[in-house]
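What follows is each chain in one-letter form.
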Amino acid sequence: MTQDELYMQRCLDLALLGLGKVAPNPMVGCVIVYNGNIVGEGFHQKYGEAHAEVNAVNSVADKFTHLIPESTLYVNLEPCSHFGKTPPCADMIVRQKIKRVVIGSFDPNPLVAGMGIEILKAGGVEVTTSILEKESDFLNRRFMIFHKLHRPYVILKWAQTSDDFLAPNEPRQVWLTNDESKKLVHQWRSEEQAILVGKRTVEIDDPELNVRHVKGNNPVRITIDRTLSLSPTKKIFRPDTRLFVYNESESSNNGSLNLVKLDFEKSVIEQMLQHLFHQQIQSVIIEGGPATLKQFIDHNTWDEARIFTTEHILKSGKKTPPLSGKVASDEMIGKDRLVTLLNS
């Protein structure tokens, strides 16, 4: 690993600390290096607050600020060039007279899209790009998919028995995963902006779809109820977070409840994802049920799948949907096996 790659890896490690806290902004880490020593570092900690580059510059001790112009600034994503919640970072870097900037990923946001690099070069900054670019792109895969494909990053999640069933044929709730796996799922929910389940899952399991077992933000809840027949006593209707209910007859906003009318004669998935894109939702985790998961698979609209295989046996029931992809990880969570697939 080169020196540039070493410091870029530190940026990625810092950036990851913002997971679940900065969306719809990307996760960004930054380090400032003088003569082979890190003199400042920071990361984007919360949406609406200071960006990583500002936090890194501000972290430099007073007795070392004179070193900033002679330092190299490393950042895993192209510095922003526009006014948003905060001023442009590219302008700030030029004002600091930093002589060299090393960047991991190009920013696909049309408000940036190379303009941050142009500002740096016009300001006399030496710019090096594409250091650990693949790793940087993957870290911000939600942000990248959102801006490149104009839809949220889609994560499929399910638990299956060792004989490849998702649920029994009769409408009853069955818990398959262990407590450790359930806690991990709640952690995942806190890291994504939205969570979707089908109408039958709401009717049978009455899920809360929150993060009660971990600290973090509850995701926006989503369900598909074509005829608006779900009972308002179901837990997803609790007003502690937003709920989108996709249906064929009504669009309205009533506090946390958002009814969204779709044309069910056309692709419901495409319409839902387009709506979520305009709502600035960059990621959604699909937790079922079997029919809902199959729709996304059949439509080939998924980016990642997280599949638990448990020791339970059902012998009959609703079969797991066929799915193939690149294995990103294969691990044991207690006695549950967890395989993560990427849609390559």
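Residues numbered from 1 in each chain as written. Predicted model: local features only at pLDDT ≥ 70, side-chain atom pairs only at ≥ 80, totals over all residues. Heavy atoms only, no water.

Moving on to the packing of aromatic side chains. Evaluated as defined, the whole model comprises three aromatic pairs. Measuring from centroid to centroid gives 5.2 Å for Y7 and Y74, while their planes differ by 45°, and the two rings are tilted. With a gap of 67 residues between them, Y7 in helix α1 (residues 3-15) and Y74 in strand β3 (residues 72-77) connect regions that are remote in the sequence. Judged by relative accessible area, Y7 falls into the buried class, the value being 8%. Both rings, one in W188 and one in F308, keep their centres 5.6 Å apart while their planes meet at 25°; by these two values the pair is stacked. Of the two residues, W188 is situated in helix α7 (residues 179-191) and F308 in strand β14 (residues 304-309); the sequence distance between them amounts to 120 residues. The class for F308 is buried, based on a relative accessible area of 0%. The aromatic ring of F138 is capped on one face by R141, whose charged end is 4.0 Å from the ring centroid. Taking NZ or CZ as reference, R306 lies 4.7 Å from the ring centre of W188, over its face. (Phe/Tyr/Trp six-rings, centres within 6.5 Å; stacked < 30°, edge-to-face > 60°. Helix = DSSP H or I, 4+ residues; strand = E, 2+ residues; numbered from the N terminus. Buried < 20%, exposed > 50% of the residue type's maximum accessible area, 1.4 Å probe, protein only. Lys NZ or Arg CZ within 6 Å of the ring centre and 35° of its normal.)

In this structure, the largest pocket spans a volume of roughly 1200 Å³. What lines the largest pocket is a set of 46 residues, and nearest its centre among them are T201, D205, E287, G288 and G289. Those elements giving two or more residues to the lining of the largest pocket turn out to be β6 (153-160), β7 (165-167), α7, β8 (194-198), α8 (199-205) and α10 (290-298). (1 Å grid on protein atoms, 1.4 Å probe; cavity = no way out; pocket = protein on both sides within 12 Å on 5 of 7 lines; lining within 4 Å. Points joined across faces, edges and corners; volume = space filled by probe spheres on them.)

One pass over the full model with this rule turns up 19 salt bridges. Linked through salt bridges whose partners overlap, the residues forming this network are D4, R100 and E126. (Salt bridge = Lys/Arg side-chain N within 4 Å of Asp/Glu carboxyl O.)

Turning our attention to the sheet that holds strand β4 (residues 100-105). Consider a sheet: its strands pair through backbone hydrogen bonds, and that pairing is either parallel or antiparallel. Read across the sheet, five strands follow the order β2-β1-β3-β4-β5 without closing on themselves; strand pairing throughout is mixed. Lying at the two open borders of the sheet, with one neighbouring strand each, are β2 (37-43) and β5 (126-128). Along the sheet, successive strands turn relative to each other by an average axial angle of 20°, direction set aside. In terms of strand pairing, β3 meets β4 through five bridges, oriented parallel. Its bridge partner being in β4, Y74 is matched across the sheet by V102. (Pairing = 2+ DSSP bridges. Axes fitted to C-alpha atoms, helices over the stretch in contact; angles between N-to-C directions.)

Position of T340 among the secondary structure elements: in strand β17 (residues 336-342). Not counting residues within four places of it along the chain, the set of residues in contact with T340 comprises E304, A305, R306, K326, V327, A328 and S329. (Contact = heavy atoms within 4.5 Å.)

Cis geometry marks the peptide bond from A23 to P24; its omega dihedral reads 10°. Relative to the helices and strands, P24 resides in the loop between α1 and β1 (29-34). Between G288 and G289 the backbone carries a cis peptide bond, its omega angle lying at 0°. One non-glycine residue with positive phi stands out, namely N35, at about 50°. Here N35 shows up in the loop between β1 and β2.

Here the focus is the sheet that holds β14. Taken together, the 10 strands give an open sheet; going across it, the order is β11-β12-β10-β9-β8-β13-β6-β14-β17-β16, and neighbouring strands pair in mixed fashion. Of all the strands in the sheet, the pair left with one neighbour each is β11 (252-254) and β16 (326-333). Here the strands of the sheet are splayed against their neighbours by 20° on average, with no regard to which way each runs. Sheet analysis places β6 next to β14, joined by six bridges and oriented parallel.

This part covers the side chain of D4. With respect to the helices and strands, the residue D4 is situated in helix α1. Assessed through its relative accessible area of 15%, D4 is described here as buried. Of the polar contacts made by the side chain of D4, one reaches the side chain of R100; its length is 2.8 Å. (Polar contact = N/O pair within 3.5 Å; in protein donor to acceptor, adjacent residues only side chain to side chain.)

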